Amino acid sequence: RIEKLQQIGYISSSDDGIIITMARRLTTIFFTLVASLCPLTAAESVPPKSVSNDATAGNDSCLDASDAKKSSVYVIGDIHGDVLCAISWVVRTGVIGNLLDESSKSDESASDVYQKLNNPSEWKWNDDQASLVFMGDYVDKGPTSRHTVEFVKNLTTAFPAKVTGILGNHELELLRDRDARMMPYQRYSSYTHAVVHPGEYHNYLDDVRSLDEKDDIVLDQLYEAVMEVYAFRAHSAVRMVPELPTTTTHHQHYGIQYAITDIVDPKHRDLARERLEEYQAAYLNAFRSGTELGDFVEKRPIVHLAENINTLFVHGGVSHEIGTQYFAKGKEGADMLNKVWWEHSHEGKLVDFLSREDDLGHVVYELLTYRGNHPGYANWETQGEFDDDESDLDQVCATLHDMLSKMDGIDRIAVGHTPNDEIQIRCDGAFLALDSTLGRWIRGTGNEYCPGPEHFERRQGVDVARTSRNGNYRCGDIKKVCEGQIVRLDSDMSVNILTM
């Protein structure tokens, strides 16, 4: 019909993308309305969006008429090192029974709640019509990244046909950091913000030795040192490394002038250097190829196509060029990219794979980091600039609709990576931005490292600093409750937003 309209000059070929996408959505809405023999409730509103606090919302008397064949995908955005919120949001979906020991309490610490997870063999999947997707970025910014990765791993192992955890850019950088050719200051994890939270390091010593009082002292010193970095806005000048090299000045080309231990109290400096070197080795060793965690992260898919809702899940985004070139055949393209990634994710291959221009490494990297599907990010890739007036929204959506019209079996793209306080639904529901800042640390202190409730509780009786020495920086408070939003995407293309 579109071709006929083009032949008589009623529409132009440039309108194809928008018209095809609109036609698909109108068809979905039509059949949804026809099938709805009962009145719509607040949680059953017509696409593209409804807001509900009931994970299983619906009118029970209407289930046989309209919901019997409806399938759903629950989606949890970037968790960033906060296992308490990872568990809490899974509980919120209601899809898994017997997840936690019945003695668990709402005011317990993350480590206590994690310890009260039942054995995965005892978990029960509650809804045959539902599945669960995690959007990546399980690690960094918060102090329980290891626990978060282990939790998602256990979910995907217990329910391989129901739970999918895609790869985030922070996991990619973690895997890249394992390369032995990298100097410590060259690693992504060496930044004094936005990556490995100092409180995370202690989680990897169980594989080596028990914690002692000196470990608490070093952690206090690292917190105090990063507050000095933030007070002087010296983020790019200081690296979270034990020492900088003395035989080369190569690091100075990057503007790096200090190791974090140079800022530590002199009486603890040697201890901090010794322990930080140990911590960082244990951290990387836990994710080596051939280890349980390393193999799990390496096998995370780059993209996931949920065919029951025609939605492509990818951490960063999809440019028009990559979308039309690699997803024209839909699932075939998704499977190919995942296969290529799995063939090159080993620590002996990864860095070279990502650095070759003639390989698919650049495609993988862009899928995990691209932000051009969001309004205001036109200059982000080239200049690192963001425009918050969203004046380019119409153009961004037109480009997206045109791309979707050329992607087989894909009507919608869902991404994480770019944080907002709330989920964003754009382009008539064709673009879902699902990173609503679910982790308590990134929500409380952004990309900067601050101690949280558990550290203060463990250090009772010790004067733990919250403010830099000159008073120019103060750590924000980390709440005990989880905030943000997740979604349930139904096969009728409705988007149901869930809050705590």
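Our structure is the block above this text.
Described below are features of the structure shown in this document. (Residues numbered from 1 in each chain as written. Predicted model: local features only at pLDDT ≥ 70, side-chain atom pairs only at ≥ 80, totals over all residues. Heavy atoms only, no water.)

Here we take up the layout of surface pockets. As a volume, the largest pocket reaches approximately 650 Å³. Taken together, 30 residues form the lining of the largest pocket, with Asn-169, His-170, Tyr-188, Arg-371 and His-417 sitting closest to its centre. If you list the elements that add at least two residues to the lining of the largest pocket, you get helix 7 (169-177), helix 14 (361-369) and helix 15 (380-383). A per-element tally of the lining of the largest pocket places helix 7 first, with five residues. In terms of residue class, the lining of the largest pocket is made up of eleven nonpolar, nine polar and ten charged. Empty space within the second largest pocket amounts to approximately 470 Å³. In terms of lining residues, the second largest pocket is bounded by 23 residues, among which Ser-111, His-147, Asn-203, Glu-454 and Arg-458 are the most central. Among the elements that make up the lining of the second largest pocket, the one with the highest residue count is helix 5 (residues 110-115) (four residues). For the lining of the second largest pocket, the residue count by class is six nonpolar, ten polar and seven charged. (1 Å grid on protein atoms, 1.4 Å probe; cavity = no way out; pocket = protein on both sides within 12 Å on 5 of 7 lines; lining within 4 Å. Points joined across faces, edges and corners; volume = space filled by probe spheres on them. Helix = DSSP H or I, 4+ residues; strand = E, 2+ residues; numbered from the N terminus. Nonpolar A, V, L, I, M, F, W, Y, C, P; charged D, E, K, R; others polar.)

The next subject is the pattern of salt bridges. Applying the stated criterion across every chain yields a total of 29 salt bridges. A salt bridge links Arg-146 to Glu-150; its shortest N-O distance comes to 3.1 Å. One end of the pair is Arg-146 and the other is Glu-150, both in helix 6 (residues 145-158) and four residues apart, which spans about a single turn. Overall, Arg-146 belongs to the buried group, its relative accessible area being 12%. Notably, a salt bridge pairs Arg-275 with Asp-212, separated by 3.1 Å at the nearest N-O pair. Here Arg-275, found in helix 9 (residues 266-285), pairs with Asp-212, found in the loop between helix 7 and helix 8 (213-231); they are 63 residues apart in sequence, far enough to count as distant. Given a relative accessible area of 32%, Asp-212 falls into the partly exposed group. Ionic contacts of the salt-bridge type, sharing partners, join the residues Arg-209, Asp-212, Asp-215, Glu-274, Arg-275 and Glu-278 into one network. (Salt bridge = Lys/Arg side-chain N within 4 Å of Asp/Glu carboxyl O. Buried < 20%, exposed > 50% of the residue type's maximum accessible area, 1.4 Å probe, protein only.)

Another point: the state of the cysteines. Within this structure, the stated rule accounts for three disulfides. Each sulfur of the disulfide joining Cys-85 and Cys-482 lies 2.1 Å from the other. Here the disulfide of Cys-85 and Cys-482 is left-handed, its torsion about the S-S bond being about -100°. One end of the pair, Cys-85, is in helix 4 (residues 83-93); the other, Cys-482, is in the loop between helix 18 (453-458) and strand 14 (486-490), and 397 residues separate them in sequence. Assigned by exposure class, Cys-85 and Cys-482 land together as buried. (Disulfide = S-S within 2.5 Å.)

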